[in-house]
Amino acid sequence: VTIYDVGEVEGVYYIAMRYIEGENLGQLLRREGPLPPARALGVLEQVAEALDFAHSRTVLHRDIKPANVILRPDGAPALVDFGAVRTVFRTAQEGGSTVVGTFGYMPFEQYMGQASPASDLYALGATLLHVVTGRGPADFATGDGVVEVPADLPGGPVLRGVLARLLAASASARYQSAREVRDALLAPAVGATEAP
């Protein structure tokens, strides 16, 4: 979504963004249930493209989830709610930041105030998992909080592999760029071999 202005008025911060008409993925899931893998991949591939654009400008979203992806009337997605954005990447040695995000969609490092592009990619994976299963990522968490991709995931083994890498507990084990994710999601075998 286009951001027109950011600022402060009498101690209240604001972000002025373009209004996007449509329905968010969370609403669509409640109305229709899980999306077929091919449709989900089409939407999330475009969200990955938006993330690639944001990350190339040193912008982290930090709150990717179904409610923050709006599907326009023509079906094209828009990534919205940049209220949790951070514009400077910092390492653990440079100091932390405020913990921002949504439970279940945040990786471990984000709970400690450390976010990177890999953190947004984790949230993208958690969103994709939710969209194809109709269940939030917390439903797939083990006792130690690791999200395990179900063996019977709709979409086949390639999609399971992409999701497992996106949801890796260690940021270094995840894809390192949204472009890598986009390329993996565009692979012909993803979602093409199994029906939901």
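Source: prediction; values computed, not measured. (Residues numbered from 1 in each chain as written. Predicted model: local features only at pLDDT ≥ 70, side-chain atom pairs only at ≥ 80, totals over all residues. Heavy atoms only, no water.)

## Some words on the overall build of the chain
- On a plain count of helices and strands, the chain comes out with 6 helices and 5 strands.
- Secondary structure elements of the chain, listed N to C terminal, follow the sequence β-β-β-α-α-β-β-α-α-α-α.
- Within the chain, the proportion of its 196 residues that are buried is 46%.
- A sequence separation of at least 24 residues applies to 59% of the contacts in the chain between residues at least 6 apart.
- Put simply, the chain shows about 9,600 Å² of open surface, and 55% of that area lies on carbon and sulfur atoms. (Helix = DSSP H or I, 4+ residues; strand = E, 2+ residues; numbered from the N terminus. Buried < 20%, exposed > 50% of the residue type's maximum accessible area, 1.4 Å probe, protein only. Contact = heavy atoms within 4.5 Å. Areas by Shrake-Rupley, 256 points an atom, 1.4 Å probe, with all protein chains shown as cover.)

## Examining a nonpolar patch on the surface
- Taken together, the side chains of I3, V6 and I15 present a nonpolar region at the surface, about 230 Å² in accessible area.
- When you line up the elements, I3 lands in strand β1 (residues 3-9).
- The class for I3 is partly exposed, based on a relative accessible area of 39%. (Patch = residues over 30% accessible without salt bridge, like charges linked within 9 Å, V, L, I, M, F, W, Y side chains within 5 Å. Salt bridge = Lys/Arg side-chain N within 4 Å of Asp/Glu carboxyl O.)

## Overview of the environment of Y175
- Residue position: Y175 is located in the loop between α5 (157-166) and α6 (178-185).
- The sequence separation of Y175 and Y122 amounts to 53 residues, and the corresponding C-alpha distance is 8.9 Å.
- If we skip the residues at most four places from it in the chain, Y175 touches A118, L121, V162, R165, L166, E180, V181 and A184.

## Some remarks on the confidence of the model for the chain
- Per-chain confidence: the chain averages 83 in pLDDT, with 84% of residues scoring 70 or above.
- No element of the chain has a lower mean pLDDT than helix α3 (residues 108-111), at 75, and none a higher one than helix α1 (residues 25-32), at 95.
- In the model, residues 84-92 has pLDDT below 50 throughout and makes 32 contacts with residues more than four positions away in sequence or in other chains. (pLDDT = per-residue confidence, 0-100.)

## Remarks on the packing of helix α2 (residues 37-56) against helix α4 (residues 117-133)
- α4 packs onto α2 with a crossing angle of 165° between their chain directions and a minimal axis gap of 10 Å. Judged on the interaxial angle alone, α4 and α2 are roughly antiparallel. At the point where α2 passes α4, the crossing takes the right-handed sense. Residue-level inspection shows P37, A40, L41, L44, V47, A48, L51 and H55 of α2 in contact with α4, the latter providing P117, D120, L121, L124, T127, L128, V131 and V132.
- Residue composition of the contact of α2 with α4, grouped by class: 13 nonpolar, 2 polar and 1 charged. (Axes fitted to C-alpha atoms, helices over the stretch in contact; angles between N-to-C directions. Parallel < 35°, antiparallel > 145°, perpendicular 65-115°, else oblique. Left-handed = near helix turned anticlockwise from the far one by under 90°. Nonpolar A, V, L, I, M, F, W, Y, C, P; charged D, E, K, R; others polar.)

## Considerations on the sheet that holds strand β5 (residues 77-79)
- With antiparallel pairing, the 3 strands of this open sheet are ordered in space as β3-β4-β5. Across the chains shown, the open sheet's two edge strands, defined by having one partner strand only, are β3 (23-24) and β5.
- The sheet strands contacting α2 are β4 (69-71) and β5, and the helix crosses β5 at an angle near 40°. (Pairing = 2+ DSSP bridges.)

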